[in-house]
Amino acid sequence: MARIRTSPALVLSAGMLAYLAAVTQRSTMGAVSIEATHRFSTTAEQLASLAVWQIAVYAAMQIPVGILLDRYGAKKLLVLGAVVMATGQVFVAISTSLGVAVFGRILVGLGDAFTFISLIRLINGWYTGKKASLLQQWLGNAGQLGQVVSAIPFAALAGTSGWTAAFLTFASASGAVAVLAVFFIQDDRDPTQHHYSKRTIREGFIQVRQSMKRPAVRLAFWTHFSTQSVGTVFVLLWGLPFLVSGQGVDKGIAHVMLSSFVFIGIAAGLFYGWVCSARPDLRTPVVITMATAVCLAWFTVILAPGPAPPWLLWLLIGTMAVAGPASMIAFDYSREHVAKGELGTANGFVNIGGFLATFIMMFMIGILLDLHYSLTSQSSALYGLDGFRFAMPVQLLVIGVGIFFNLREAKLLRLEAKTASLG
């Protein structure tokens, strides 16, 4: 088959489209989480399993995918990821039991795991230095438009045509993305310079352990852990029940609020891109500031008497939306300190951070909602305001852990740099 003439803009547009499709598939369940409760007659913990298993598989696959990425390149993994996600959404579409839906979402998580770090590797195959830093921010945030696609067109299609038609339609979209990736994506600007690793899986895990010894890589992990998680929990699962059932927000307005994450995040991403390229000394202070701001916003909403006023809910959403893109700073640390041939493996480890925190938060919120429901002898609504006030503070504890380790690893990185300069 003849190679189609390509260009940096075409290659990275196809890569960003693959990531946008992955974010769409990832967040479709959050757009119909209330419908899923009725379709499968679930408890809060069971509903959480639809997202928790998806996130668990995504996180668990990051290091193996990173090793495969260094060995086989971004193009093959982007194609494979799109095909697996399409298959998973077909299972969700035809599911009438929770078990089948969970299996489908596991496949979505598996396919999704191949996508983001492949996009990061693709960017670094075509660009270096400040340009790569800016593109990581811009394309990473542009891909988040998938949240808008799931919150508005997908939710509307599910409402008019039904569950099965909506999921089958969006499954076909991932199939189309796989075809585009086959024809238009090329791993490196110079196809004769492959930078591919020949490490075995065992050697890859040894490389992961070596990467974990670097303060910069550990700092990248905790940066992602502290900033990516809370917004992801909100968009992927608990945001819609919290707003509609807990706060009494109209469902249409709630979808608009969830969609606003993306547009706010894109604007914030421009600032973070400038920080990474022009003021890298501000990276850690910015991350700590944003993680702390999210904690304060949630603390204020939780303590509000009765349902929070609209301005406070918008403040919460705006804070989470601004904080989320700060997670991309993590990949600036790894790009700066890890060789290109090892970058997929290192970024796989880094990308676990935010999704590990997401997994913990999602699962614990579901358990705590059910616990509150049982403690009140089912006299309160499962997704009522009191239940969310009982469950949501677990997020503050998780972020607090992330802030502590961010400060610790940043200090170690400064000491390492100081020692190297003296040597």
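In the block above lies the structure referred to throughout.
Residues numbered from 1 in each chain as written. Predicted model: local features only at pLDDT ≥ 70, side-chain atom pairs only at ≥ 80, totals over all residues. Heavy atoms only, no water.

> Mind showing me how you'd approach the overall build of the protein chain here?
Per the secondary structure count, the protein chain includes 18 helices and zero strands. Taking 2.2 N^0.38 as the reference for a compact globule, 423 residues should give roughly 22 Å; the C-alpha atoms of the protein chain span a radius of gyration of 21 Å, in line with that estimate. Dimensions of the protein chain along its principal axes, counting C-alpha atoms only, are 65 × 55 × 35 Å. The burial tally for the protein chain puts 59% of its 423 residues in the buried class. (Helix = DSSP H or I, 4+ residues; strand = E, 2+ residues; numbered from the N terminus. Rg over C-alpha atoms; globule rule 2.2 N^0.38 Å. Buried < 20%, exposed > 50% of the residue type's maximum accessible area, 1.4 Å probe, protein only.)

> For this particular structure, what's the right way to read helix 1 (residues 8–31)?
Because the α-helix completes a turn every 3.6 residues, residues three or four places apart line up on one side. In this model helix 1 runs 34 Å from its N-terminal to its C-terminal C-alpha over 24 residues, within 8% of the 34 Å that 1.5 Å per residue would give. Of all 24 residues in helix 1, 18 are buried, a share of seventy percent or more. (Expected span 1.5 Å × (residues − 1).)

> Hey, could you run me through the environment of Gly269 in this one?
Along the chain, Gly269 falls in helix 12 (residues 251–278). The exposure class assigned to Gly269 is buried, which follows from its relative accessible area of 0%. When the C-alpha atoms of Gly269 and Trp138 are compared, they prove to be 6.5 Å apart, with 131 residues separating the residues in sequence. With near-sequence residues (within four places) excluded, Gly269 lies in contact with Gln137, Asn141 and Pro325. (Contact = heavy atoms within 4.5 Å.)

> What is the right way to read the packing of aromatic side chains from this model?
For any pair of aromatic rings, the description rests on two quantities: the centre-to-centre distance and the angle between the ring planes. Taken as a whole and judged by the stated rule, the model has 25 aromatic pairs. When the ring centre of Tyr127 is taken as origin, the NZ or CZ atom of Lys131, which lies over that ring, is 5.9 Å away. (Phe/Tyr/Trp six-rings, centres within 6.5 Å; stacked < 30°, edge-to-face > 60°. Lys NZ or Arg CZ within 6 Å of the ring centre and 35° of its normal.)

> Before we go on, may I ask you to explain the side chain of Gln147 in this structure?
Positionally, Gln147 belongs in helix 8 (residues 145–161). Of the polar contacts made by the side chain of Gln147, one reaches the side chain of Gln144; its length is 2.6 Å. In this structure Gln147 touches Val23, Ser27, Val235, Leu258, Phe261 and Val262, once residues within four positions along its chain are discounted. (Polar contact = N/O pair within 3.5 Å; in protein donor to acceptor, adjacent residues only side chain to side chain.)

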